[in-house]
Amino acid sequence: MSRLALIDAGGANLGSVSYALERLGVQATLVRDAAGLEGAERVILPGVGAAPEAMRRLHAQGLVEPLRRLQVPLLGICLGMQLLFERSEEGEVECLGLLPGVVRRLHPALGIRVPHMGWNRLLPLRESALMDGLPERPHAYFVHSYAAPVTPHTVAACDHGGLFSAVVQHGRHAGAQFHPERSAETGARILQNFLEIPA
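Per chain, residues are indexed from 1 in the order of the written sequence. Local features are withheld for residues below a pLDDT of 70 in this predicted model, meaning they are given only at 70 or higher, and side-chain atom pairs are given and counted only at 80 or more; totals for whole chains, interfaces and linings count all residues. To obtain the side-chain values, all non-hydrogen atoms of the structure were used and water was disregarded.

**Q** When you look at the overall build of the chain in this model, what are you seeing that I'm missing?
**A** When its secondary structure is counted, the chain shows five helices and 14 strands. The C-alpha extent of the chain, read off along each of the three principal axes, is 50 × 35 × 30 Å. Relative to its 199 residues, the chain shows a buried fraction of 56%. Each accessible area is a Shrake-Rupley result for a 1.4 Å probe, and residues are judged covered by the shown protein chains and nothing else. If you sum the accessible surface of the chain, you get close to 8900 Å²; carbon and sulfur atoms cover 50% of it. Numbering goes from the N terminus for both helices and strands, where a helix is a DSSP run of H or I of at least four residues and a strand is a run of E of at least two. Exposure categories follow from relative accessible area, calculated using a 1.4 Å probe and restricted to protein chains: below 20% of the type maximum is buried, above 50% is exposed, and the middle band is partly exposed.

In structure tokens, the structure reads:
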């Protein structure tokens, strides 16, 4: 297995993502600064919490520009996926800008609660190696109040009072809005597929 860097951006899911990777037989290297990315052949950016605080931490760690210049596969998880986009409505913060679009707050409605919490189905929109081996409409576990729009880079959407991006991929940049580490076989397969994407 190639060297996998797991970025510590202060997310509470860091330990559970690391454990999910261990279950797949992968020992990730915990990264807290730009030097830690050297030699990495793929990178995972997990996150839980607020976009402004996560971006402040990445700036403080000197990781923003190295992530923007990264030439290896990068997977953002939950908030980490949202940080791949241009901007977040949460705190009106500029994000990494690796994917086009603005992350916006989900809107509550009759029968629609925010945060979106629990199991929901992925609705595949186009083919991607990230979805290899999954059933037609697999279930995944979500916990979030903000979401990225559906764009040409959306691999799978999810419906919670309207469609949003649940899985994205554009070149080396990929993301999962749900928590793979809490999504049973669906999550394990997504992580395994990411690990097998050619670097």
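**Q** Is there a simple way to explain the packing of aromatic side chains in this structure?
**A** How two aromatic rings sit relative to each other is given by the distance of their centres and the angle of their planes. For this analysis, a ring pair means two rings from Phe, Tyr or Trp (six-membered ring only for Trp) whose centres lie within 6.5 Å, classed as stacked if their planes differ by under 30 degrees, edge-to-face if by over 60, and tilted for the remaining angles. This model, assessed by the stated rule, comprises three aromatic pairs. Measuring from centroid to centroid gives 5.6 Å for W119 and Y141, while their planes differ by 70°, and the two rings are edge-to-face. Here W119, found in strand β8 (residues 116-121), pairs with Y141, found in strand β10 (residues 139-144); they are 22 residues apart in sequence, far enough to count as distant. By relative accessible area, Y141 is classed as buried at 15%. Between F142 and F164, the ring centres sit 5.8 Å apart and the planes meet at 85°, which makes this aromatic pair edge-to-face. Residue F142 is found in strand β10, and its partner F164 is found in strand β13 (residues 163-170); the two are separated by 22 residues along the sequence.

**Q** Any chance you could explain the sheet that holds strand β5 (residues 85-88) here in plain terms?
**A** The strands making up a sheet associate through hydrogen bonds between their backbones, and the pairing can be parallel or antiparallel. In this description, strands pair whenever DSSP reports at least two bridges between them. One open sheet holds the four strands; their spatial order is β6-β5-β7-β11, and the pairing between them is mixed. Either end of the sheet is taken by a strand with one partner, and the two such strands are β6 (93-94) and β11 (146-147). Where strand β7 (residues 99-105) lies against β11, two bridges are found, and the strand directions are antiparallel. Of the residues in β11, the one forming a bridge with R104 is A147.

**Q** Mind showing me how you'd approach the nonpolar core here?
**A** A general feature of soluble globular proteins is that nonpolar side chains tend to end up buried together. The biggest cluster of nonpolar side chains holds 35 residues, and the ones touching the most others in it are I44 and L122. Put simply, the parts of the chain that give this core at least two residues each are β1 (4-7), α1 (14-23), β4 (74-77), β10, β12 (154-159), β13, β14 (173-176) and α5 (184-196). Those residues within four positions of L122 in sequence are excluded, and the remaining contacts are M131, E136, R137, P138, A140, F142, A156, A157, A166, V167, F178 and T186. By convention a nonpolar core is built from buried Ala, Val, Leu, Ile, Met, Phe, Trp, Tyr and Cys residues, the set being connected through side-chain atoms within 4.5 Å. In terms of nonpolar packing, the next biggest core, distinct from the first, is built from 32 residues, A54, M55, L83 and C95 among them. Contacts are assigned to residue pairs that have any heavy atoms within 4.5 Å of one another.

**Q** Please explain the pairing of β13 as it appears in this structure.
**A** Consecutive side chains along a regular strand alternate between the two faces of the sheet. Among the eight residues in β13, six count as buried, and that is most of the element. Sheet topology note: the β12/β13 ladder contains five bridges and is antiparallel. Within the sheet, the bridge partner assigned to A156 lies in β13 and is V167. Linking two consecutive strands that pair antiparallel, namely β12 and β13, is a turn of three residues; a positive phi of about 70° is found at G161 within it. As paired strands, β13 and β14 are joined by four bridges and run antiparallel to one another. Paired with V167 across the strands is A176, a residue of β14. Between the antiparallel neighbours β13 and β14 lie two residues, among them G171 with a positive phi of about 60°.

**Q** I'm lost on α1 in this one. Help?
**A** Note that an α-helix has 3.6 residues per turn; residues three or four places apart therefore point the same way. When α1 is considered as a whole, its buried residues turn out to be L14, V17, A20 and L21. One face of α1 carries all of its buried residues, which in axial projection span an arc of 125°. In α1, the exposed positions that point more than 90 degrees away from the buried face belong to G15 and R23. Packing partners of the buried residues in α1 comprise β1, β2 (29-31), β3 (42-45), β4 and α5. Taken from the residues just after α1, G25 is the one with a positive phi, measuring 85°. In this description, one arc is meant: the one made by directions from the helix axis to the C-beta atoms.

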